[in-house]
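Fold and contact review
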Amino acid sequence: MTEKMRKPIARLLLTYFAVLTIPILISVFAFQSAYQAIENSTRSSMAAALQQTSAALEQRISEIETITYELYQNNELIRFGLETDGMEGTTPSKLLELQHNLPSYSVSNQFIADYYILFPNSEIVLNNKLAYTYEKFFQYYLRYERIPLETWREWGLRDAYPRVLENQPIWM
């Protein structure tokens with residue numbers, strides 16, 4: 001190629017690259033600003049959603065604490081908790097009366113499906129619909145793979161404080 005042809009080709013290539021890179025640079029800057037605007041909007045909406053969820057969770061926990069306090073202060077439950085006879089000494093009519101007087105929280109709270117009250121002295125578990133011995137309750141509800149009923153009796157059902165269980169399969 002001659003010198004005369006190189007200058008126009010170089011000028012055309014330079015113009016071509018300028019025409020090509022200017023829209024690309026404009027697109028990159030526009031994309032960056034749109035990306036940052038979307039990111040900020042998403043962050044603020046997620047923060048608002050988390051605050052709303054936190055407030056709802058706090059309210060639910062407060063309701064559960066109120067329900068627990070109501071049940072804890074129930075005189076009939078306190079008297080029944082002092083009995084040690086189990087199912088043998090308790091008449092069915094007494095159990096039915098106690099169950100009938102227990103509130104059904106699933107009517108007023110959609111997040112509570114059911115609750116159970118454990119009585120360590122008599123080894124009875126009941127709610128407003130059902131009554132179980134510890135053995136039956138363990139068999140139907142608390143059957144963890146590596147925790148036998150004896151272990152539940154030692155620490156899980158007798159302790160007055162909550163216990164965190166490690167992740168393990170539950171038999172349903």
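All of the points below concern the structure found in this document. (Residues numbered from 1 in each chain as written. Predicted model: local features only at pLDDT ≥ 70, side-chain atom pairs only at ≥ 80, totals over all residues. Heavy atoms only, no water.)

As for the sheet that holds strand β2 (residues 124-126)
The sheet built from three strands is open, its strands ordered β1-β2-β3 with antiparallel pairing. Sheet topology places β1 (117-119) and β3 (131-133) at the edges, where each strand pairs with a single neighbour. On average, each strand axis in the sheet is tilted by 20° relative to the strand beside it, whichever way the strands run. Where β2 lies against β3, three bridges are found, and the strand directions are antiparallel. Of the residues in β3, the one forming a bridge with Leu-126 is Ala-131. (Pairing = 2+ DSSP bridges. Helix = DSSP H or I, 4+ residues; strand = E, 2+ residues; numbered from the N terminus. Axes fitted to C-alpha atoms, helices over the stretch in contact; angles between N-to-C directions.)

Considerations on the pattern of salt bridges
Per the stated rule, a full pass over the model turns up three salt bridges. Residues Arg-60 and Glu-63 are paired through a salt bridge, measuring 3.8 Å at the closest nitrogen-oxygen approach. In this pair, Arg-60 and Glu-63 both sit in helix α1 (residues 3-72), three residues apart, roughly one turn of the helix. A salt bridge links Asp-114 to Lys-129; the shortest N-O distance between them is 3.8 Å. In this pair, Asp-114 sits in the loop between α5 (105-108) and β1 while Lys-129 sits in the loop between β2 and β3, placing the two residues 15 residues apart along the sequence. (Salt bridge = Lys/Arg side-chain N within 4 Å of Asp/Glu carboxyl O.)

Quick notes on empty space enclosed by the protein
This structure, assessed with the given rule, holds one cavity of 30 Å³ or more. For the largest cavity, the calculated volume is near 30 Å³. Together, Ser-104, Tyr-105, Ser-106, Ile-112, Ala-113, Asp-114, Tyr-115, Asn-128 and Lys-129 line the largest cavity. Among the residues forming the lining of the largest cavity, the class breakdown is four nonpolar, three polar and two charged. (1 Å grid on protein atoms, 1.4 Å probe; cavity = no way out; pocket = protein on both sides within 12 Å on 5 of 7 lines; lining within 4 Å. Points joined across faces, edges and corners; volume = space filled by probe spheres on them. Nonpolar A, V, L, I, M, F, W, Y, C, P; charged D, E, K, R; others polar.)

Considerations on the nonpolar core
Of all hydrophobic cores here, the largest spans 14 residues; its most connected members are Leu-71, Leu-77, Phe-80, Leu-102, Ile-117 and Leu-126. Only α1, α2 (75-82), α4 (92-101), β1 and β2 provide two or more residues apiece to this core. Discounting residues that sit within four places of it in the chain, Leu-77 has contacts with Leu-71, Leu-98, Leu-102, Ile-117 and Phe-119. Among the nonpolar cores identified, the runner-up in size contains ten residues, and Tyr-134, Phe-137, Tyr-144 and Leu-149 belong to it. (Core = buried A, V, L, I, M, F, W, Y, C linked by side-chain atoms within 4.5 Å. Buried < 20%, exposed > 50% of the residue type's maximum accessible area, 1.4 Å probe, protein only. Contact = heavy atoms within 4.5 Å.)

Some words on a nonpolar patch on the surface
A surface patch of nonpolar side chains, amounting to about 750 Å² of accessible area, comprises Met-5, Ile-9, Leu-13, Tyr-16, Phe-17, Leu-20, Ile-24 and Val-28. Here Ile-9 lies in helix α1. (Patch = residues over 30% accessible without salt bridge, like charges linked within 9 Å, V, L, I, M, F, W, Y side chains within 5 Å. Areas by Shrake-Rupley, 256 points an atom, 1.4 Å probe, with all protein chains shown as cover.)

Overview of α1
In a regular helix each residue adds 1.5 Å, so 70 residues correspond to 104 Å; α1 covers 99 Å between its end C-alpha atoms and thus fits that length. Taken residue by residue, α1 has Glu-63, Ile-67 and Leu-71 as its buried positions. Structurally, α1 contributes buried residues whose contacts are with α2, α5 and β1. (Expected span 1.5 Å × (residues − 1).)

Here we look at the packing of α2 against α4
It is the contact of α2 with α4, at a shortest axis distance of 10 Å, that shows an interaxial angle of 145°. Viewed along their axes, α2 and α4 form a crossing whose handedness is left-handed. Taken together, the residues of α4 that come into contact with α2 (itself represented by Glu-76, Leu-77 and Phe-80) are Leu-95, Leu-98 and Asn-101. In the contact of α2 with α4, the residues fall into four nonpolar, one polar and one charged. (Left-handed = near helix turned anticlockwise from the far one by under 90°.)

Side note on α2
Taken residue by residue, α2 has Leu-77, Phe-80 and Gly-81 as its buried positions. Axial view of α2: buried residues confined to an arc of 100°, hence all on one face. Facing away from the buried side of α2, by more than 90 degrees, are the exposed residues Asn-75, Arg-79 and Leu-82. Buried positions along α2 lie against α1, α4, β1 and β2. Measuring from the backbone nitrogen of Glu-76 back to the side-chain oxygen at the start of α2 gives 2.9 Å, which picks out Asn-74 as the cap. (Arc of directions from axis to C-beta. Polar contact = N/O pair within 3.5 Å; in protein donor to acceptor, adjacent residues only side chain to side chain.)

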